Amino acid sequence: MSYIAALHRPSSVRHAVCADVLVPGQPALVLARPSALDVFQITAQGLVLARTAPVAATVSALLAFKPARAATSWLFVATEDGACFTLVIDDNAAGFVTMQVLDAIDDRFAPDIDTDHIAVLDPQYRGILLHINKGSLVYVPLIPVKKRQGKQPALPSAPVVTGTLHPPINLHLEELLVLSIVFLENTKRPTIAVLYRDGQHARHVKIYEIFAQEGRLEEVPNAGLRNVDQGASVLLPFRPPAGGCFLLGEQLLTYFPSPSSTGGSKPIKLPFEHGPIGFCAYAAIDDTGERYVLGDDLGRTYILQVDLATDPDDGEVSVESWKLDHVGDTAIPTSMTYLGSGFFFVTSHFSPSTLFYLSPDAPHLRVVQTIPNLAPISDFRLLYRDSTTDVIACSGAFKSGSIRIVRSGVGVDVLAEINDMPGVTGLWTYHDIIIASFVESTLVLRCDIDEGTSDAIQAWCGIDMTEPTIGFGSLGAHVVHVTPSGARLVDAGAQQLISVFNESPISAAAVTDDCIVLVVAGTKLATLDWEFTVVSVVTLDHEISCVAAHEDICVAGLWTECRVHLFTLPNLTPIGESTELTGSIPRSVQIATLDTLSRPVLFVGMADGTLYSYTLGANVAMDGTLLDQKITNLGTQPVALYGLKSAVFAVSSYSTMIYGATSKITMSTVNIPSPSALATTSDALLMDGDEMDGSSSNEILVYAYDGKIFYGAIDQLMSTHVQTIEIGETARRLSLLTKRPEIVAFVSLNTTLDPYNGDEILNCSVKLADYSTFEVTDSYALNENEMVESIATAELDGQDYVIVGTGMVVADREEYLNGRLLMFEVTPENKLSLDLEHQFHGGVYALEMLSNGIIICAVNALVRLCTIRPNRVTGVLEFNLYCAFRSPTIALSLSSYADKYVLVGDLMKAAALLQIRKDADGNFTFVEIARHYEPLWMTDVEVLDESTSLGAEAEGNIVVFQHDATDGPQGELVKDTGGEGKLQVISSMQLGNVNRIRRIESPADASEHAIIPQAYLATRDGGIYLYAKIASDKIDVLLNLQQNLATVVKTLGARDFLQYRAFANQRRRNKEPLRFVDGDFLEQFLELSDDDKELVVSGGSSRGNSSGIGRQMPLGMTSSEVSGMLEDLKRLH
């Protein structure tokens, strides 16, 4: 019944390791996203993705170790569901191979720790330690441990590690609030340092030895330290020969010697001069541990230089002193990984992860490569543009905060570039030749992409290099070159001039396989055949602005008329004209045959950024019939159109690819800036000479931008492209203006420290930004410690307004006591003017705008209906309160539908559906018509249609509620007797922490697709998902496909996919998702072998996977039909 698929997969990277997992002795970088592993090769050009694989679990820890007889390193992966497994990359198996799995290593009845799971590897490879539950540690030995009485003998210094995970051992730990754990090196027994916080918020360090045979910890006396630096949160293990560990505090560094040191184990403290520093990540640079790169919670990067001293008597090495140097700034790191040769990688939950080079010269930190990341997404809105939907999102946090514009579109991968080419106005290609036109000249280049070279040709085909090029085309070996002073027909093979057309000036041209169309003297249209014989000439009443030709049709736009005229070819007989094109004049025209469309399409680009499209009628050459006019806005700049093989490239404020899909015209944003000129060629240029037959070549774009000419390969499928408006602070909430959706109203948050007491001060501002120009146009600062919880926009009497709900933060109180509702008018200059302010006894957590100035506010536990309307006499805005509804705890989210229904998401008590009723006197009331009674901690809710709603809760689940909310003839509520007064859960699954849900206001027609898109969801980890309702005739097919596929697909760590996606919280866990289909999982069907596809389609038995055994059902479709259906679904997201 319900379908979910990723528009943008979760991109937050929490864990990284560097190890030789691909090739022996060659380090590679392994990154763990929430539910995927990515392996990158480290090359001279940067990081290259070598392997990627989904994980049917949420990865909570990632380590690497190398067994004694293994050629490459193995990966150890722990998951949030309390399992762990080892992986190896085997080229013969074409990917990851699961070596061993340990299930249920956590304590189901013990509370989870408050922080992320902690996993550390003993540097001597004796075991792995995990901290998952409060009050206990799990020790997974990598060498055999025999349980016996008596004390454990000292373990060998170099144990043989086979890669086997031996049975885990639970170790009791007194400390409940553990902040950091590290293994100490060069110890006889596995020894750990533990940084923890007690009930009075004091922090301490203890050193424990692990007695694995006895299953206990024993504290090393006089080795730890109580009441350490209050800001300390990171322990840093120090490598041999000195061993021990560092405690990274806010004010000082503390060194804890190894317990085996003969010089004593008393900690050594040393303050540093850089002021308070909140360290959060580190990486060792040297094998001896003399240099470390450190990162703090402000994104500052330091080098820790440690000086060692050797005792002349016994030769023991100890730490003598250290130095801390600030070398630059990065994003706020989650982890740091040193890759060697001065390169280190910074993962970040709040910004893109980045590869840096540590240079000895200033600037010391140099960005080499970034890996995109949208996390965390705190809010987003949808902007509808013709056949595509843009997601405008609050992304990142702190200094990496930004507004992101996420579009699904066509990608262009740059293959090569030619520098020093400013001022290009036109481009054409002929085999490996580029003809580049400038304002007063033409340049001919011969390019070799393989060699990366381009050479200017002084003379080619008699082209006059002193004039700009107006048009160019070819038919076999014959080429035509058009300049303002005339046209030339040349035999390119023999380099001989065939004929010349000398009439001038020529201002535009179009070339087909049948004829050449020229615009002469501004008002004349002339056609020539390929013998350069003039076939026909017509003179129009006004100057011609643009011309296009296709088969037997010619189209011309005029500078003084808002319409285009149609003529036959080659005789130029007038056959019709378009209706008046409002707004501007035509600047570019193209006629194209698009894939999956039966008739050619005429596109007309206007000077104001508007694009018109028409389907050419079957008898267009006789009657000039233009059908199905469509109007699309591509920006504010004049539209330039370029024809491709089976598509059209449009350039205005941004680049757009227009192509056919499922018998419809589809427009997708392209990930390159708007070029000044564009042409196409074939990727046969990339082949050797004997391969250049062009029979199976793909289209390559050649385009000019920013003083360069680029070669780019076009993606065959839609992908996600992201543009960024940098804010430099947390973007917390946003909305789009009603009349001008290109203007984004958003709230930013930054924090400062009180200089007197060091308390944190919150500073929120309401801002406006134009996402088409990437500029912030205005800002309005709110009071100190006034947190903005909600924002909305409205249109009243033709004027745009921004409404903001706030709450005053009070120390030591979790609930707001006071808050405000502020209403700003947006001026034509995109400035904010405060027009209304209203005080509330509580924080305004959510706002929902209805029509006619009605606004619904969630103020702590109260849901209030208010009106904001101008006074009829004075015009001043007036605020009035009407009815209220009390939610059980705090009303965190609201959603309205049809101005009649409001869905309330409660902090702890799920959701309630309210109906707004109005009596004859104009008074409003709320009537609760349905409620869900199971305790759910909701993060957001959204009404989807008349009968269903979608909700997200704090433990990562999404649920679909069904209700009846239809008005009867007298306005009475009509309800099913079986579900009266209840919101019934009809679908549920585990997805991840969803922060926001937005309904699609105009769902697509389901007549041609298996699903009906209804909403988008955004998660804390940077994922954007499409939610859809499955068409009734496809429900059984998709549900059975998912069930059958789960028995065939082998997941990493042998995780049960259906159980991974099942609803799970602290009260209950389902075994599989409830009537929910994961579209990303279904797409794995396309990657299966033919035999496995047949197994899935026929409902055959499982091959080594336990998911869904015994319930496989035949699909009643062939594997090719299933593949076609899934390919169609992929195009919808």
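Caption draft 1: Layout of the overall build of the protein chain. Summing up its helical and strand segments, the protein chain has six helices and 86 strands in all. Reported as C-alpha extents along the three principal axes, the dimensions of the protein chain are approximately 105 × 85 × 70 Å. Relative to its full complement of 1133 residues, the protein chain shows a buried share of 56%. Of the contacts made within the protein chain by residues no fewer than 6 positions apart, 51% connect residues no fewer than 24 positions apart. Roughly 47200 Å² of accessible area belongs to the protein chain as shown, and the carbon and sulfur atoms make up 48% of that amount. Between the mean site of the 80 positive side-chain charges and the mean site of the 137 negative ones, the protein chain shows a separation of 9 Å.

Caption draft 2: Broad picture of the sheet that holds strand β36 (residues 453-457). Ordered by their spatial adjacency, four strands build an open sheet running β33-β34-β35-β36, and the pairing between neighbours is antiparallel. Either end of the sheet is taken by a strand with one partner, and the two such strands are β33 (426-430) and β36. Taken pair by pair, the neighbouring strands of this sheet meet at an average axis angle of 25°, ignoring direction. Across five bridges, β33 lies against strand β34 (residues 433-437) in antiparallel orientation. Bridging across to β34, Thr429 finds its partner in Ile434.

Caption draft 3: Structural detail: the state of the cysteines. In total, this model carries zero disulfides according to the counting rule given. Cys447 forms no disulfide, and the closest cysteine sulfur to it belongs to Cys461, at a distance of 15 Å. Of the residues examined, Cys447 reaches a relative accessible area of 9% and is grouped as buried.

Caption draft 4: View of unusual backbone geometry. That bond from Pro240 to Pro241 is cis: its omega, 15°, falls within 30 degrees of zero. Summarising the element assignment, Pro241 is placed in the loop between β18 (234-237) and β19 (245-248). In this chain, Leu569 is followed by Pro570 through a cis amide linkage whose omega measures 5°. Here Pro570 is to be found in the loop between β47 (564-568) and β48 (574-577). A positive phi angle, close to 65°, is found at Phe532, a residue other than glycine. One can find Phe532 in the loop between β43 (524-528) and β44 (534-539).

Caption draft 5: Seen up close, helix α2 (residues 1035-1048). An ideal rise of 1.5 Å per residue puts 20 Å on 14 residues; α2 measures up with 20 Å between its terminal C-alpha atoms. Most of α2 sits inside the fold, with ten of its 14 residues counted as buried.

Caption draft 6: Main features of the side chain of Thr330. Its location among the elements puts Thr330 in the loop between β25 (317-329) and β26 (335-340). Judged by relative accessible area, Thr330 falls into the buried class, the value being 5%. In this structure Thr330 touches Gly299, Thr301, Val346, Phe356, Leu365 and Lys399, once residues within four positions along its chain are discounted.

Caption draft 7: Representation of the pattern of salt bridges in the model. Applying the stated criterion to the full structure yields 37 salt bridges. Asp103 serves as the salt-bridge partner of Arg1055, at 2.8 Å between the closest nitrogen and oxygen. Remark: Asp103 occurs in the loop between β9 (95-102) and β10 (118-121) and Arg1055 occurs in the loop between α2 and α3 (1057-1060); sequence separation between them is 952 residues. Take Arg1055: its relative accessible area is 9%, and that puts it in the buried class. Among the charged side chains, a network of salt bridges with common partners joins Asp379, Asp940, Arg996 and Arg998.

Caption draft 8: Broad picture of the nonpolar core. Counting 30 residues, the largest nonpolar core has Tyr3, Leu1038, Leu1041, Leu1045, Leu1082, Phe1085 and Val1122 as its most contacted members. Among the elements of the structure, β1 (2-8), β85 (1024-1030), α2, α3, α4 (1079-1082), α5 (1090-1098) and α6 (1119-1130) are those that each provide at least two residues to this core. The element best represented in this core is α2, accounting for six residues.

Caption draft 9: Region of the structure containing the sheet that holds β44. Taken in spatial order, the four strands line up as β41-β42-β43-β44 in an open sheet, and their pairing is antiparallel. Looking at strand neighbours, the two that pair on one side only are β41 (506-511) and β44, the edges of this open sheet. When the angles between neighbouring strand axes are averaged without regard to direction, this sheet yields 15°. Both β43 and β44 contribute to a ladder of five bridges, which runs antiparallel. Along β44, the bridge assignment pairs Leu528 with Val534.

Caption draft 10: Examining α6 more closely. The end-to-end C-alpha distance of α6 is 16 Å, a good match for the 16 Å that twelve residues give at a rise of 1.5 Å each. Within α6, the full set of buried residues consists of Ser1119, Val1122, Ser1123, Met1125, Leu1126, Asp1128 and Leu1129. In this fold, the buried residues of α6 make contact with β1, β84 (1011-1019), α2, α4 and α5.

Caption draft 11: Geometry of the side chain of Ser896. Counting through the fold element by element, Ser896 comes out in strand β72 (residues 891-897). The class of Ser896 is buried, set by a relative accessible area of 6%.

Caption draft 12: Structural view of the packing of aromatic side chains. The full count for this structure, using the stated rule, is 20 aromatic pairs. The interplanar angle of 70° and the centroid separation of 5.8 Å between the aromatic rings of Phe279 and Tyr302 together place this pair among those described as edge-to-face. Taken together, the residues Phe279 in strand β22 (residues 279-284) and Tyr302 in strand β24 (residues 300-310) connect sequence positions 23 residues apart. Taking the relative accessible area as the measure of exposure, Phe279 reaches 2% and is therefore buried. Under the relative-accessibility criterion, Tyr302 is labelled buried at 2%. Ring centres of Trp460 and Phe472 lie 6.3 Å apart, and the angle between their planes is 35°; this geometry places the pair in the tilted category. One end of the pair, Trp460, is in the loop between β36 and β37 (471-475); the other, Phe472, is in strand β37, with twelve residues separating them in the sequence. Taking relative accessible area as the criterion, Trp460 reaches 7% and is therefore assigned buried. An aromatic cluster of at least three residues, connected via ring pairs, comprises Phe238, Phe246, Tyr255, Tyr292 and Trp322. Here the basic side chain of Arg1068 rests over the ring of Phe1063, its NZ or CZ set 4.0 Å away from the ring centre.

Caption draft 13: Summary view of the pairing of β1. Extensive coverage of β1 is indicated by the burial of seven of its seven residues. Here β1 runs beside β85; their pairing, made up of six bridges, is antiparallel. Bridging from a neighbouring strand, Ala5 pairs with Leu1026 of β85.

Caption draft 14: Main features of the packing of α2 against α6. Closest axis-to-axis distance for the α2/α6 pair is 13 Å, and the angle between their directions is 100°. The angle between α2 and α6 falls in the class roughly perpendicular. Residues Val1037, Leu1038 and Leu1041 of α2 touch α6, and the partners they reach there are Val1122, Met1125, Leu1126 and Leu1129. Its residues assigned to classes, the contact of α2 with α6 shows seven nonpolar, no polar and no charged.

Caption draft 15: Representation of the packing of α2 against α5. One can describe the packing of α2 onto α5 by two numbers: an axis separation of 8 Å at closest approach and a directional angle of 135°. In terms of orientation, α2 and α5 fall into the oblique class. α5 is crossed by α2, and the crossing has right-handed handedness. Note on element contacts: α5 touches α2 through Asp1092, Leu1095 and Val1096, opposite Leu1041, Asn1044, Leu1045 and Val1048. Partitioned by chemical class, the residues of the contact of α2 with α5 number five nonpolar, one polar and one charged.

Caption draft 16: Quick look at the confidence of the model for the protein chain. Here the protein chain shows a mean pLDDT of 88. Residues at 70 or above account for 92%. Taken as a whole, residues 684-697 scores under 50 in pLDDT and shows twelve contacts with residues more than four places along the chain or in a different chain. Here residues 965-979 scores under 50 on pLDDT; set against residues more than four positions off or in separate chains, the count is 27 contacts.

Caption draft 17: Structural view of the environment of Phe256. On the secondary structure map, Phe256 appears in strand β20 (residues 252-256). We classify Phe256 as buried; its relative accessible area is 1%. The spacing of Phe256 and Ile268 is twelve residues in sequence and 6.6 Å in space, taken between C-alpha atoms. Apart from residues lying up to four places away in sequence, Phe256 is in contact with Val205, Ala223, Gly224, Leu225, Gly244, Cys245, Leu247 and Pro267.

The rules behind these values
- Residues numbered from 1 in each chain as written.
- Predicted model: local features only at pLDDT ≥ 70, side-chain atom pairs only at ≥ 80, totals over all residues.
- Heavy atoms only, no water.
- Helix = DSSP H or I, 4+ residues; strand = E, 2+ residues; numbered from the N terminus.
- Buried < 20%, exposed > 50% of the residue type's maximum accessible area, 1.4 Å probe, protein only.
- Contact = heavy atoms within 4.5 Å.
- Areas by Shrake-Rupley, 256 points an atom, 1.4 Å probe, with all protein chains shown as cover.
- Lys, Arg positive; Asp, Glu negative; His and termini not counted.
- Charge placed at Lys NZ, Arg CZ, Asp CG, Glu CD.
- Pairing = 2+ DSSP bridges.
- Axes fitted to C-alpha atoms, helices over the stretch in contact; angles between N-to-C directions.
- Disulfide = S-S within 2.5 Å.
- Expected span 1.5 Å × (residues − 1).
- Salt bridge = Lys/Arg side-chain N within 4 Å of Asp/Glu carboxyl O.
- Core = buried A, V, L, I, M, F, W, Y, C linked by side-chain atoms within 4.5 Å.
- Phe/Tyr/Trp six-rings, centres within 6.5 Å; stacked < 30°, edge-to-face > 60°.
- Lys NZ or Arg CZ within 6 Å of the ring centre and 35° of its normal.
- Parallel < 35°, antiparallel > 145°, perpendicular 65-115°, else oblique.
- Nonpolar A, V, L, I, M, F, W, Y, C, P; charged D, E, K, R; others polar.
- Left-handed = near helix turned anticlockwise from the far one by under 90°.
- pLDDT = per-residue confidence, 0-100.

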